[in-house]
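Breakdown of the fold
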Amino acid sequence: MKRKSQKGSVAVSTVSRFPSGFHLRQMPGRVGLIMLNGLARFFDFVGKTEMWISAVLLLAITAIILLQVFCRYFLGSPLIWPEELATILSIWLTFIGAGYVYKKNRHLKMGYLVEKLPAPVRSFIDFMTHIAVLIFCYYIIKGGLRLIPIQGRNLTPALRIPSSFYTLPVVISSLTLIIFILFLLIQKVYASRKTERR
């Protein structure tokens, strides 16, 4: 959507599309436009990074499992580290992938009943869903930050790396989700206030 000034010149666009698929109405003025465009590029970069990391992790897990199968059944001498490494990478893949899918709004959900509800009710449910995820991520980070130092003192049996590698991806994914959700909630509040003024 574009807005014309009093002299008839066309100003900058006031609508931006973010990587999650949400249409975000930008704040008027050059500063607001720069801020939201900067956030759009940031979230786009985070989403692409999570996608590529997930793809690399999936390929790595597949290669590790195939290597162990080959060593066990063809060489008769299985390695001691593939299962442990595959487990750690699977955890990283799960939570990094979950963050990417949430930002793209592609999580599996049963939306049949929600789609039958009036638009204000759907908006409220969507808002409360983000709030619930935000609170959940907060407690995950709070517990994870307490657990990581304790796990850091213990080493895994095969790889001899800190056990905190099991918990670290959970905290990282939750942190990126909190930042993303906070921005969405701020945008929704601003958009609703702008609608009321009209």
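Structural data are supplied above this passage.
So, a few notes on the structure that sits alongside this text.

Conventions we followed
- Residues numbered from 1 in each chain as written.
- Predicted model: local features only at pLDDT ≥ 70, side-chain atom pairs only at ≥ 80, totals over all residues.
- Heavy atoms only, no water.
- Core = buried A, V, L, I, M, F, W, Y, C linked by side-chain atoms within 4.5 Å.
- Buried < 20%, exposed > 50% of the residue type's maximum accessible area, 1.4 Å probe, protein only.
- Helix = DSSP H or I, 4+ residues; strand = E, 2+ residues; numbered from the N terminus.
- Contact = heavy atoms within 4.5 Å.
- Expected span 1.5 Å × (residues − 1).
- Bend = angle between axes of the 7 residues up to and from the residue.

What follows covers the nonpolar core. Y102, V133, L134, C137, I178, F180 and I181 are the most contacted members of the largest nonpolar core, which totals 15 residues. Elements that contribute at least two residues to this core include exactly α4 (119-152) and α5 (168-197). With eight residues, α5 is the largest single contributor of residues to this core. Once residues lying within four places of it in the same chain are set aside, the contact partners of L134 are I178, I181, L182 and L185. With eight residues, the next largest nonpolar core counts L57, I61, I64 and A86 among its residues.

Before going further, it helps to spend a moment on α4. Between its first and last C-alpha, α4 extends 48 Å over 34 residues, near the 50 Å set by a 1.5 Å rise per residue. Residue L145 marks the point of greatest curvature in α4, where the axis turns by about 25 degrees; the proline P149 follows within four residues. Within the sequence span of α4, burial applies to H130, V133, L134, C137, I141, G144, I148 and Q151.

All right, on to unusual backbone geometry then. The backbone phi angle of R160 is positive, close to 60 degrees, even though this residue is not glycine. Within the secondary structure, R160 is located in the loop between α4 and α5.

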